[in-house]
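Topology and contacts: notes
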Amino acid sequence: MKIAFIGLGNMGAPMARNLLKAGHYLHLYDLDRDAVAELAALGGQASDSPAHAAQGSELVITMLPAAAHVRSVFLDTNGVLAGIAAGTPALDCSTIDPQSIRDIAACAAAQGVVVGDAPVSGGTAGASAGTLTFMVGGSAAHFQQVRPVLAQMGRNIVHCGEVGTGQVAKLCNNLLLAISMIGVSEAMALGNALGIDTQVLAGVINSSTGCCWSSQSYNPWPGIVETAPAARGYTGGFAADLMLKDLGLATEAARQAHQPVILGALAQQLFQAMSQRGEGKRDFSAIVESYLSKS
Ligand code: NAD
């Protein structure tokens, strides 16, 4: 299949590599010409613009930093919509706000092009291993069209509903993850201050009603989970700044819906303070240090 792949950064490049491995022919575009050249050397073709990449493609995939980039790549004079043929499906895998992708999909629909959203979880390790989770928003027919290609980059392909609902699923999950990580941090730090062995405390939580992914698989307290970033100085994993970006999207989407996100807003401020301290590149579970005295 001829696929346009636009946005070849930390996530896009390994995803595109998996499509090349699966035998697809890629039309590649990124502002970073080196990123394009690297993948073109593996069998794809470099394109001059998003419109050029979309021309003759049977599917268009984008993986870009934020909504402004996605709008520009689809809607600019030389954007995807200027090159894509009517009837060709397109899919944005970036993490952006639900309304932006709905706006872009409405513009595309006017020329017979169906745009869906498919944000991912699994990080760069999942992108390289081809084990990402895709949360897909779009019609059932669009989902059936794109599913086989997504299955070559991921393991878990979930149809969430109409366009935008992939983003909704992603933002709600990450909102909860941020809150649960802060909750586990607070409980572990309190237990430690009150004198219980933190291994014993984690064991009790994980076999009791406080158990969650943040306590069980990714406990922020060092020495509890060998494979968690806490065991390696909070390196690797999911950067606090990426969590801060997702919390910003969630709180903004909540504002638009007049829906209170009280704990989410608090979580956003805690991660913002962490970022201000210059710790945005550390794993987000380092938020536990907000509860520790410096002495
Ligand atoms: P990145 O910054 O590494 O890559 C983005 C790429 O897009 C860059 O190569 C950049 O040159 C290119 N780009 C920017 N503007 C462009 C334009 N107008 N035209 C063409 N190319 C353009 O970002 P990433 O880490 O690959 O993340 C991509 C998306 O995936 C983001 O929305 C992010 O929130 C989401 N995400 C990232 C992770 C992660 O662990 N990195 C995990 C899940 C989701």
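Higher on the page you've got the structure.
Okay, so let's go over this structure. Here the residue index of a chain counts from 1 through its sequence in written order. Local features in this predicted model are restricted to residues whose pLDDT is 70 or higher, and side-chain atom pairs enter the listing and the counts only when it is 80 or higher, whereas totals over whole chains, interfaces and linings include all residues. With hydrogens and water stripped out, all remaining heavy atoms of the structure feed into the side-chain values.

Turning next to the nonpolar core. Here, the term nonpolar core denotes a set of buried Ala, Val, Leu, Ile, Met, Phe, Trp, Tyr and Cys residues that are joined through side-chain atoms within 4.5 Å. The buried label applies to any residue whose accessible area, calculated with a 1.4 Å probe on protein chains only, is under 20% of its type's maximum; exposed applies above 50%, and partly exposed to all values in between. Residues Met188, Met243, Leu247, Phe271 and Phe284 are the most contacted members of the largest nonpolar core, which totals 32 residues. Residue contacts follow a heavy-atom distance rule, with two residues in contact if any of their heavy atoms lie within 4.5 Å. When sequence neighbours within four positions are dropped, the list of residues in contact with Met188 reads Thr198, Leu201, Ala202, Ile205, Asn219, Trp221 and Ile224. Leu19, Ala35, Phe143 and Val146 belong to the second largest nonpolar core, which has 31 residues in total.

What follows deals with helix α6 (residues 98–109). Only DSSP runs of H or I reaching four residues or more are called helices, and only runs of E reaching two or more are called strands; each is numbered from the N terminus. To estimate how far a helix should extend, the number of its residues minus one is multiplied by 1.5 Å. Along its twelve residues, α6 runs 16 Å from first to last C-alpha, staying within 8% of the 16 Å computed at 1.5 Å per residue. Residues of α6 that are buried in the fold lie against α4 (67–75), α5 (80–83), β5 (89–92), β6 (114–117), α9 (165–193) and α12 (240–256).

Attention now goes to the site of the ligand. Here, proximity means that at least one heavy atom of the residue falls within 4 Å of the molecule or strand. Contacts to the ligand come from 21 residues, most closely from Asn10, Met11, Asp30, Leu64 and Lys245. Here Lys245 contributes a side-chain N or O atom positioned 2.8 Å from an oxygen atom of the ligand. Note that accessible areas follow from Shrake-Rupley with a 1.4 Å probe, and for residues the cover is restricted to the protein chains shown. Contact with the protein chains covers 83% of the free accessible surface of the ligand, which is 840 Å². Contributing elements (two or more residues each) for the shell around the ligand: α4, α7 (123–129) and α12. Each residue gets one of three labels, nonpolar for Ala, Val, Leu, Ile, Met, Phe, Trp, Tyr, Cys and Pro, charged for Asp, Glu, Lys and Arg, and polar for the others, Gly among them. Across the shell around the ligand, the residue classes tally to ten nonpolar, eight polar and three charged. Domain delimitation in this document rests on an assignment produced automatically or drawn from a domain database. There are two domains that each give the shell around the ligand at least three residues, and those are domain 1 (2–162) and domain 2 (168–291). The term polar contact refers here to a pair of N or O atoms within 3.5 Å; inside protein, the definition further demands a hydrogen-donor-capable atom paired with an acceptor-capable atom, and it admits residues adjacent in sequence only when both atoms are side-chain atoms.

Residues forming no salt bridge and having over 30% relative accessible area are the ones grouped into patches, like charges within 9 Å of each other and nonpolar side chains (Val, Leu, Ile, Met, Phe, Trp, Tyr) within 5 Å. Note on definitions: salt bridges are taken to be side-chain nitrogens of Lys or Arg within 4 Å of carboxyl oxygens of Asp or Glu. Taken together, the side chains of Ile196, Val200 and Val204 define a hydrophobic patch exposed on the protein surface, amounting to about 230 Å² of accessible area. Here Val204 is to be found in helix α10 (residues 198–206). Relative accessible area serves as the criterion here: at 45%, Val204 is assigned to the partly exposed category.

The next point concerns the pairing of β5. Side chains of β5 alternate between two faces, with Pro89 and Leu91 and Ala90 and Asp92 buried alike. When strand β4 (residues 59–62) meets β5, the two strands line up parallel, connected through three bridges. Opposite Ile61, over in β5, you have Leu91 as the bridge partner. Two strands are said to pair when DSSP picks up at least two bridges between them. As defined by bridge partners, β5 adjoins β6 across four bridges and the pair is classed as parallel. Among the inter-strand pairings, Leu91 is bridged to a residue of β6, identified as Gly116. Orient the strands so they point away from the viewer; a crossover is then right-handed if the path from the first strand over the helix to the second runs clockwise. This β-α-β element, β5 to α6 to β6, shows right-handed connectivity.

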